[in-house]
Structures are given as structure tokens and as C-alpha cells.
Amino acid sequence: MGDIIISFANWIWGTPMLILLMGGGMILLFHSGFIPFRKIGHSISLLRGKYDDDLAPGQITSFQALSAAIAATVGLGNISGVAIAINMGGPGAIFWMWVSAFVGMATKFYSCSLAIMFRGTDSAGVVQGGPMYVIEEGMGKKWKFLSIIFCVAGVMGLLAIFQANQLSAVFRAVMLEPAGIENTVTLRWIIGIVMMILVAFVILGGIKRIASVASRLVPFMVALYFLTVLIIVGKYIGDVPDMLLKIITDAFTGEAMAGGAVGSVIIIGARRAAFSNEAGIGTAPMVHGASKNREPIREGLIAMLGPFIDTVVVCTLTALVIMLTGVWQSTEADGVRLTLHAFDLALPGIGRYLLMTAVLIFALSTMFTYSYYGHKCFNYLFGADKADYYNYFYLITIAIGAVISLDVVVSFVDGMYAIMAIPTMISTIYLAPKVKGAAKEYFARIKAER
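Residues numbered from 1 in each chain as written. Predicted model: local features only at pLDDT ≥ 70, side-chain atom pairs only at ≥ 80, totals over all residues. Heavy atoms only, no water.

*Asks:* Honestly, helix α23 (residues 432-449) in this entry has me stumped. Any pointers?
*Replies:* Since the α-helix packs 3.6 residues into each turn, any two residues three or four apart lie on the same face. Across its 18 residues, α23 extends 26 Å between first and last C-alpha, which sits within 8% of the 26 Å expected from 1.5 Å per residue. Residues of α23 that are buried: A432, V435, A439, Y442, F443 and I446. On an axial view of α23, the arc spanned by its buried residues comes to 95°, and they lie on one face. Opposite the packed face of α23, turned more than 90 degrees from it, sit the exposed residues P433, K440 and A448. (Helix = DSSP H or I, 4+ residues; strand = E, 2+ residues; numbered from the N terminus. Expected span 1.5 Å × (residues − 1). Buried < 20%, exposed > 50% of the residue type's maximum accessible area, 1.4 Å probe, protein only. Arc of directions from axis to C-beta.)

*Asks:* Looking at this model, I keep getting lost on the packing of aromatic side chains. Mind explaining?
*Replies:* In this description, an aromatic ring pair is defined by two values, namely the gap between the centres and the angle between the planes. Applying the stated criterion to the full structure yields 21 aromatic pairs. Ring plane angle 75° and centroid distance 5.0 Å describe the contact between F30 and F34, whose orientation is recorded as edge-to-face. Assessed through its relative accessible area of 55%, F30 is described here as exposed. Among the residues examined, F34 registers a relative accessible area of 31% and is labelled partly exposed. For the ring pair Y390 and Y394, a centre distance of 5.9 Å and an interplane angle of 40° mean the geometry is tilted. Of the two residues, Y390 and Y394 are both situated in helix α21 (residues 388-401); the distance of four residues between them amounts to about one turn of the helix. (Phe/Tyr/Trp six-rings, centres within 6.5 Å; stacked < 30°, edge-to-face > 60°.)

*Asks:* Would you explain a nonpolar patch on the surface in this entry?
*Replies:* A cluster of nonpolar side chains, V185, W189, I193, I197, F201, I396, I400 and I404, forms an exposed patch at the surface whose accessible area comes to about 730 Å². Mapped onto the nonpolar patch, the elements with two or more residues apiece are α11 (185-203) and α21. A per-element tally of the nonpolar patch places α11 first, with five residues. Among the secondary structure elements, I396 is positioned in helix α21. When its relative accessible area of 51% is taken as the criterion, I396 is described as exposed. (Patch = residues over 30% accessible without salt bridge, like charges linked within 9 Å, V, L, I, M, F, W, Y side chains within 5 Å. Areas by Shrake-Rupley, 256 points an atom, 1.4 Å probe, with all protein chains shown as cover. Salt bridge = Lys/Arg side-chain N within 4 Å of Asp/Glu carboxyl O.)

Don't take any of this as a statement about function, it's just geometry.
Right, dumping it as C-alpha cells:
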């Protein structure tokens, strides 16, 4: 079964998915008139709450929506996802992650604007947002099959199995193995069950509690990780220009990969970027669609900051730590263990504990937000009265994720993400002219108000 899952993920993440996410995102970038580059200053002023409207429909503020979305994206995709990218595709994969991020900013601008523009109501009459409602409300009932495909893949793919797997791995490596405690299946089950109980306390409180916890955890989490990584980069500051040059040159030569396959490096970079910042997958529109905002364009502008923070900033810092310490060439470790080796080498004695703290907060905050995404998909498929059953299914899979192998976990999540991307990108490109028109009207109004 594991081999089938890995083969499916490798097949679906070939050229077609590259064309859909990168090609579709490039179309949106040009169509928007390069909004991610031109309007980033306005996005930051929006994020500070300058235009918040407490009376607008929705459940959370735009800042909380971005915090919850970043809690889901700035996480283990940035720590172990980057390590997996370098392991599989060499440093050049990071360059293609950057390209994917800038393209992804345009995708997020459009998809999250649409999440406010075409909100729907669930069976309980609560206002909801997300690709499934965008498709149904914006494209019409005849396209509803795309909403169902998205939600079925979401229920399966938006589980916290990857986070549980990597958190369990780092806890065993940092705390248990040095103490001589044997890595048994029973031990992994115990760790998984403890994680499950911790997550249950937050997610059973609904989106308001998830957003509240995320908006407190995210700034602390990012600050801790940034500080640690900047200290490490500072130690090797003289080598940083060479490493950045290596990322760029290897992107076009594929020298660090067996066979020097540049095409494979691009695919690995795009695949890991999609896992890291989720642009085009359709997760962020679900949480941004719950924002108290009457202005679709404002929400899109706030949302587009996500891929920049997540991939261009945080992933680059992680990549530099792995490359500067040389561990990517000298160890067989994969995923979070590779990053752990880098932190250990750069900050002996304390590095592994700082990384474990960051991983703990990253993983838990992601687990909280993913539960909301899956809950919304389940709600759409089976109705609001049955949606809470999903939480119990979600919690059980956390314990399972701590036990199964990393390759199977990564491939399963990747495969489901690819299926979710198909309806998301079709609806975003189809409805892009609506966003373009609204953006033109919005910026004309802003200009007139000055």
C-alpha cells in the first residue's frame, strides 16, 4: 500500500501539476499587473488593522485569519520540508521554491479575494468561505462536482499525520535517544496519544479558539525560530554569498542531483513549495473566507503576504543553516533530523533544544489549523450537524501519524494536495476577471479617498 501511495504522488506531481500551479500562477501574476510587487506596502498597512470592521460578516479578524493561515503554512514544511527538498533535489530546489512563492502570491491574492467575494452558507446557516463555496456560488451548481472532489481530498489530505510524524521523530532524537530509551512502536504510540490529547484541548473549541491560540503562538514561534537561525547564519556569515550563489547556479545545472536533471529539481522545488506555502491548494481561502471583511480585495492583499513570509523568508533561512553547516552532504538523515543535525553542529548543546521547542510550537499550531480546514470540508460534504465527528477522526490519525514511515506520510499528503489544487486553480483562473474588476474599482476608491 505504501508503494502505491508513493508511486501515485510521484506521478501526479509530474509535469501536469507543474503546469497547473506554476503556469496557472504565472498567468494570474501577469493578469494582476504584478500586484504582489506593486501593492505589498498597502498589504502591510492592511495587516496592521487600519481598515478592520468589527461589524462585517465573518468570525475572525483579517490578522487572525493570516495568523491561522501562517500557523498552518509556517511550520514543519519550513523545517523538514526544506530538508527534504535539499535531500532530493540539492540546493537548486530552493531557487524554484522562491519562484513558486512569488507566483503563489498572485494565486493567493486571487483565491482569497474570491473566498470573500463568493461566500456561501452551510446547512446551519453560518457564513462560510473556501474553494467549495467559490465554485458553487461563483461558477454555478453545474460545477459542484469540483467542490466535492476538493472536499473529499481535503478530508483525507488535511490530516496532521506529517506534523505528528516529524514531531515524534524530533522528540525521540532530542529527549529519548540520548537517555538510552529504545525507539519502539509502543513508544511512538504513546507519543502520538499524548499529542492527540494536547491538540484535542484546542480544536474542540472551534475556529475562534484556534484563531485566538494561533494569533498568540505564531509571532512567538516565528521570533524564536528567526533568532536562532540568524545566530547560526551569523556564525558563518562569510559563506552566505557563496551559498546563495550555489542555490541559483544549481537551479539551472542540477549538479547536486544524480544525473543533473534540472527538470526534476524544478518539480521538487514546486512540490515542496506547495507543501510549504499551500498557494493554489485551497486551504488559505477557507480560513480567509471566515474573516470579518466586506472587501474581497483587502483580504486577498493580506493573504498574499503568506507565501512571502513562509517561503522567501523562513524557508531560505532554514536552507542556509542546512547548507552552511554542510550536513546535507555528510549525513543520511532525512526530514527534520537533517535540520536537527545542522542546529546541533552550529550550536552544540543548545541547538537541538531550541529546534525542538520551535518544532513543538510549529507542529501544534499547524495541527490546530488543519483540523479547521478538514472540518470545513466535512461540513460541506455531510452537513454542519455531523461536522464535529470529523474532529474525532482527525485526532485518531495524529496517533497513527506518529507511527508510520515518513515516505508514506509525505507522499499521501502530497497526493491529496495535488487533487485539491485541480478544483482550486480551475475556479481561480475561471473567476479571475471578477477579481481584476473588483481590484480596479477598489484602488480607484482608495485613491479618491486620499
